[in-house]
Amino acid sequence: VSKEDSSSGFDCRQAFAEELAALAQADARIVAVCNDSVGSSNLGAFRKAFPERLINVGIAEQNMVGVAAGLANGGFRPFVCAAAPFLTGRALEQIKADVVYSDFPVVLCGMSPGVAYGELGPTHHSIEDLAWTRAIGDLAVIVPADPEETRAAMQWALKAGRPCFMRIGRTKVPAVMPEGRGFELGRATVLREGADVTLVAIGTMVTRALAAAEQLAAEGIDARVINAASVHPLDEESILAAARETRGIVTVEEAMVRGGLGSAVAELVSQKMPTPMRIMGITDFAPTGNSSAIFEFFGLTPANIARRAQELVHAH
Amino acid sequence: MQMHEYAAAAPLVGDAAALALWRSRRERFDAVPADQRLSQLRSSAADIRRQILATIDRAGLGHIGGDFSVTDILVTLFEGVLNIDPASPCWEQRDRFILSKGHCAAALYSVLASCGFFPPRRLVDFAATMSPLNGHPNRRKIPGVETNTGPLGHGLPVGVGCATAARIAGQGWRTFVVLGDGELQEGSNWEAAMYAAQRGLGSLTAIVDRNRLQQGASTADTNDLEPLADKWAAFGWETCVIDGHSYEQLLAVLGKAPGERPRAVIANTIKGKGVSFMENGVEWHHKVPSAAQVEAAMQELTA
C-alpha cells in the first residue's frame, strides 16, 4: 500500500467506519458489502460487532454490486465498501442497471478515491468516477470534504433511501466544515465570503482552496470559497450567486477535469449565468508519486489555484 | 427535480379480474391430482404462447424464440411453485423471481398479467411509445418485476443478494433466477455462482433455459458452454438436467424443498417451442413473424 501522505489531518475512512458501526447499531437493516476489502475499508470492527451483516463476496465487484441490489430488494440497506476505482470502473453497468435504474437504496462508498493510492499508479486511481457516476440517471454523487461531513452524508443517505455514490477519502484532510452543518443533497457550503472571485472545490481540494484564498487575501483579492459537496445535483443557487456576484469561478477537484465538478458547474453557468471559469483537476493518467506529488504535478496547489483566480480577476 | 419523460408513464397496478382467475387456477392446481395439474399447465402455457405471439405481432418487435423456450418454465413457476400474492407485490415474505434474460420481457409480461399483477389488456402497450411495458422489464413501472434486467449476466448476482437477505433475516422465502444459456458466457454469473456456493444458499435456484442458441449462432459454435452441468457442479451447486418442456420434471425439481446448497436446473428447451417453423431456428431470436406466419403459428398454438 502507498506511503502515507505526510500532511496532517484525518483519514475519512476512520470516521466512515465508526459511523457505519454506530448506524448499524441503531438500524438492523444496515449491511456492509465488500470485495475482500475488510482491511482497506476499515470494516474489522463492523465484522466483529455484526458478523452476519458483513457480506464479503471476495474479489468480484460485479457480483458485489448485484448482491447489494438483491439485499436491498430483501429489505436491507447496503453500504457497499470498495476501493473507488474498482467499485465504479469494474461494476459500472451493475451500478447503472441494478442500483440506479432499478432504484434500490444502495449506498456505494468509493474508498480511497482520486489519487489516494499514489504510487500504486493509475490502475488504482479513481479520477474517472465522478464523470461516470454523474452520467447515470439521478444517482446522488457526493464528495464529503472532512470527517464530519462524511458522517453527515452517511446519515443523510440512510434517511434518503435512494441510490447514492459517495467518495470516502483516504488522503488526510483537516476539519473544514462548520460544526453542526450536517449534509443535504444539492446544498453547498460557503466557507468564506468574498466578492472578487469564487473558488468551488470538493473533497481534498477544499482545504487547498481555503489556503489559496488566504494567499489571495494577502494580495487584496477577496475570494469566496464554496465546498460543493453534492456534485449531483449541484447547489444551483449558490453557484449562480457566485457567477452573478463575483468575477469568475475556479473549480478544483481531485478528479479528471472532463466530466466532473468543473464540467457540472460549466454546464450550469454557461446556460444560466455565463461567467469566466478555470477548471482545475487531473488531466491525464498520473505519473508515479504520492498524492501530494501528484497534486503538485497537476498544479493542484494553493499557489497555483490563487494564480488561476488572479487570471480571472485581472482579465475581467 | 426535473421530471423526465420515461418517468412520466404511470406505473401499472393490479387487476382484480385477472387476479381472481389466477387464484382459482392456483386453488384448482393445489386441489387436483398430479395428471390434471399437468394438463392445467399445458393449457395455461398454450394461452401464454398465444398471448406472446399477439403481443409481439402488435408491437412489431420482441424475442419470440426465447419467449417460447422459457414459457413452460415461467408458467410452471407462477402457476404451481412460487409463493406470491399478486395483490401485494411487495409482500416481504414473497418468493423472489428474476428473469435474467430480460429480453424475453413479452413472455414475462404475459405471465405477470395472467396472474393479475396488471391488467392483461395493457399488453397491447408492449414497447409502445411512453408505455410502462418497456422492451426490458422495469420494476419501477411493473409490479411483479423484482429487478431491472436487460444487460446479460445481472440476474444471478441480484438473486444471490435476495437469497443472502433471506439468510440474514432468518426468513424462508426462496429465490428463483431464470438465465439464458448464451448469457452464461458473462463472467458475472460465475462470480455469483462461486459466492452462492460459498454461502450455502440453499434457498436459491438458478434455471438455465438451455435452448442452445444465442443471437447469432449456436452456443456450441460461439463459445461452447459444455460440459455445462459439470461446470455448475464444480462450482459447488446441486445440479440436475431436465426437459424444460416437461411440466412433470419442472414441477418435481422446482417444487422440491431447498437443500444445503444452491440448485442449478439445466432445462433443455427448444427455441421457438410450439411453432414448427420457428423451432430451433436461430433467425427467430428476434425476428418478427409476418401476418401469414402469425396466422399459421396461432393455429399451431390452438391445436
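All values derive from a computational prediction rather than experimental measurement. (Residues numbered from 1 in each chain as written. Chains lettered and ligands numbered in written order. Predicted model: local features only at pLDDT ≥ 70, side-chain atom pairs only at ≥ 80, totals over all residues. Heavy atoms only, no water.)

1. Side note on the interface of chain B and chain A
With 29 residues of chain B at the interface, the matching set in chain A holds 29 residues. In total, chain B and chain A occlude about 2300 Å² of area from one another, counting both sides; carbon and sulfur atoms represent 54% of this. Breaking the side of chain B that touches chain A down by element, the ones donating at least two residues are α6 (155-169) and α7 (187-199) of chain B. Of the residues that constitute the side of chain B that touches chain A, the class distribution is 13 nonpolar, 9 polar and 7 charged. (Contact = heavy atoms within 4.5 Å. Buried area = accessible area lost by both parts, 1.4 Å probe. Helix = DSSP H or I, 4+ residues; strand = E, 2+ residues; numbered from the N terminus. Nonpolar A, V, L, I, M, F, W, Y, C, P; charged D, E, K, R; others polar.)

2. As for the pattern of salt bridges
Residues and elements named next belong to chain A. Here the structure, examined in full by the defined rule, presents 27 salt bridges over all chains. Between R151 and E19 there is a salt bridge, and its shortest N-O distance comes to 3.1 Å. Of the two residues, R151 sits in helix α7 (residues 147-160) while E19 sits in helix α1 (residues 12-26), which places them 132 residues apart along the sequence. When sorted by exposure, R151 lands in the same class as E19, which is buried. Between R192 and E214 there is a salt bridge, with its nearest N and O atoms 2.8 Å apart. (Salt bridge = Lys/Arg side-chain N within 4 Å of Asp/Glu carboxyl O. Buried < 20%, exposed > 50% of the residue type's maximum accessible area, 1.4 Å probe, protein only.)

3. Description of the pairing of strand β1 (residues 96-99) of chain B
Taken residue by residue, a regular strand's side chains alternate between the two faces of the sheet. All names here are of chain B. Here β1 shows a buried face lined by R96 and I98 and a second buried face lined by F97 and L99. Alignment of β1 against strand β2 (residues 175-180), held across 4 bridges, turns out to be parallel. Of the residues in β2, the one forming a bridge with L99 is V178. (Pairing = 2+ DSSP bridges.)

4. Quick word on the sheet that holds strand β5 (residues 140-142) of chain A
Residue and element names in this part refer to chain A. The 7 strands are arranged β2-β1-β3-β4-β6-β5-β10 in an open sheet whose pairing can be described as mixed. This sheet does not close on itself; its edge strands, each paired only once, are β2 (54-56) and β10 (230-232). Between one strand and the next, the sheet's axes are offset by a mean angle of 20 degrees, whatever the strand orientation. Sheet topology note: the strand β4 (residues 107-111)/strand β6 (residues 164-168) ladder contains 5 bridges and is parallel. Opposite L108, over in β6, you have F165 as the bridge partner. Where α7 meets the sheet, its contacts fall on β1 (30-34), β3 (77-83), β4, β5 and β6, and the angle it forms with β6 comes to roughly 165 degrees. (Axes fitted to C-alpha atoms, helices over the stretch in contact; angles between N-to-C directions.)

5. Regarding the sheet that holds strand β11 (residues 249-256) of chain A
Residue and element names in this part refer to chain A. Taken in spatial order, the 5 strands line up as β7-β9-β8-β11-β12 in an open sheet, and their pairing is mixed. For this open sheet the edge positions go to β7 (189-192) and β12 (277-282), each flanked by a neighbour on one side alone. Between one strand and the next, the sheet's axes are offset by a mean angle of 25 degrees, whatever the strand orientation. Across 4 bridges, the pairing between strand β8 (residues 197-201) and β11 is parallel. Directly across from V200, in β11, lies its bridge partner T251. Against the sheet, helix α9 (residues 236-245) makes contact with β8, β9 (223-227) and β11, and its axis sits at roughly 165 degrees relative to β9, the strand it touches most. On top of the sheet, helix α12 (residues 302-315) reaches β8, β11 and β12; it is set at about 160 degrees to β12, its chief contact.

6. Concerning the packing of helix α4 (residues 64-81) of chain B against helix α5 (residues 105-114) of chain B
All names here are of chain B. Put simply, α4 and α5 touch, their axes get as near as 9 Å, and they point 30 degrees apart. Relative to α5, α4 is oriented roughly parallel. In the packing of α4 onto α5, the handedness of the crossing is right-handed. Contacts between α4 and α5 involve D67, V70, L74, V75 and F78 from the first element and A105, A106, A107, L108, V111 and L112 from the second. (Parallel < 35°, antiparallel > 145°, perpendicular 65-115°, else oblique. Left-handed = near helix turned anticlockwise from the far one by under 90°.)

7. So, α6 of chain B
Residues and elements named next belong to chain B. The end-to-end C-alpha separation of α6 is 21 Å, in line with the 21 Å expected for 15 residues at 1.5 Å each. The element α6 is largely enclosed, with a buried count of 13 among its 15 residues. Within two residues after α6, G170 carries a phi angle of roughly 70 degrees, on the positive side. (Expected span 1.5 Å × (residues − 1).)

8. Concerning the environment of D129 of chain A
All names here are of chain A. Relative to the assigned elements, D129 resides in helix α6 (residues 129-134). The exposure class of D129 is buried, given its relative accessible area of 0%. As a C-alpha pair, D129 and M256 span 127 residues in sequence and 8.5 Å in three-dimensional space. Ignoring anything within four residues of it in the chain, the contact list for D129 reads A84, T88, P113, F165 and R167. Of the polar contacts made by the side chain of D129, one reaches the side chain of S126; its length is 3.2 Å. (Polar contact = N/O pair within 3.5 Å; in protein donor to acceptor, adjacent residues only side chain to side chain.)

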